[in-house]
Amino acid sequence: MNKLILIAFLTCIGFGVHAQEATITFDSLSIDYGTIDKGADGVRQFKFTNTGTSDLTIKEVRSSCGCTIPKKPEGSIAPGASDVIEVKYDTKRVGPIRKTITVTSNASNEMVALKIKGEVIEPANTSE
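The rules we used
Sequence order as written defines residue numbering, which begins from 1 separately in each chain. Reporting in this predicted model follows two pLDDT cut-offs: at least 70 for local features of residues, and 80 or more for side-chain atom pairs to be given and counted; totals over whole chains, interfaces and linings ignore these cut-offs and use all residues. Calculation of side-chain values draws on the structure's entire complement of heavy atoms; hydrogens and water are dropped beforehand. Secondary structure is summarised from DSSP: a helix means a run of H or I of at least four residues, a strand means a run of E of at least two, and numbering begins at the N terminus for each. For this analysis, a polar contact is any N or O atom pair within 3.5 Å, provided that within protein one partner can donate a hydrogen and the other can accept it, and provided that sequence-adjacent residues contribute only side-chain to side-chain pairs. We call two residues in contact whenever any of their non-hydrogen atoms come within 4.5 Å of each other. Two strands qualify as a pair provided DSSP detects at least 2 bridges between them. Accessibility here uses a 1.4 Å probe with only protein chains present; expressed as a share of the type maximum, an area under 20% marks a residue as buried, one over 50% as exposed, and anything in between as partly exposed.

Visitor: What am I meant to see in the side chain of Ser105 here?
Guide: Its place among the elements puts Ser105 in strand 8 (residues 95–105). Looking at Ser105, its side chain comes within polar contact range of the main-chain nitrogen of Ala107, at 3.1 Å. Once you skip the residues sitting within four places of it in the chain, Ser105 turns out to touch Ile24, Leu56, Thr57, Ile58, Lys59 and Glu110.

As structure tokens, then:
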């Protein structure tokens with residue numbers, strides 16, 4: 001009987017600890033730039049919300065290459081609050097865009113992969 005009470009107690013403690021955690025939920029895991037002109041604004045934002053029950057801290061945001069510069073929010077994000085991860089793609093490079101941004105945090109889903117895609121083209125000649 002004592003073992004049963006101990007197991008029940010430890011189970012309750014386990015659920016209580018597990019329930020107090022941050023969870024990062026993105027509005028979208030990918031952004032499609034579509035077809036954009038060379039030199040166009042390459043800044044986009046991934047909006048997210050802390051859907052957990054404790055503060056969320058973004059530890060690191062990394063890109064798969066130097067042509068994409070991510071910017072993480074500073075400080076922690078309270079439960080229920082939203083913020084953005086800004087991504088700037090270097091649109092001076094003509095060609096297809098296929099990049100991954102990896103977000104690491106203290107959330108229960110501690111690593112999330114975000115994707116950007118599209119194509120940078122030479123602008124049409126408007127002097128004709």
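Visitor: Got a minute to help me understand the sheet that holds strand 9 (residues 111–121) in this structure?
Guide: Backbone hydrogen bonds are what pair the strands of a sheet, in a parallel or an antiparallel way. The strand order across the open sheet built from 5 strands is 2-9-8-4-6, with neighbouring strands paired in mixed fashion. Because the sheet does not close on itself, it has two edges, and the strands there are strand 2 (30–37) and strand 6 (76–77). Pairing geometry for strand 2 and strand 9, over 6 bridges, is parallel. The residue bridging Asp37 from the neighbouring strand is Ile121, located in strand 9.

Visitor: I would appreciate a short explanation of the pairing of strand 9 in the present structure.
Guide: Moving residue by residue along a regular strand, the side chains alternate between the two faces of the sheet. Residues Val112, Leu114, Ile116, Gly118 and Val120 of strand 9 are buried on one face, while the alternating residues Met111, Ala113, Lys115, Lys117, Glu119 and Ile121, pointing to the opposite face, are not. In the sheet, strand 8 pairs with strand 9 via 10 bridges, with the strands oriented antiparallel. Following the sheet pairing, Thr100 is matched in strand 9 by Lys115. Turn length for the strand 8-strand 9 hairpin, with the two strands adjacent in sequence and antiparallel, is 5 residues.

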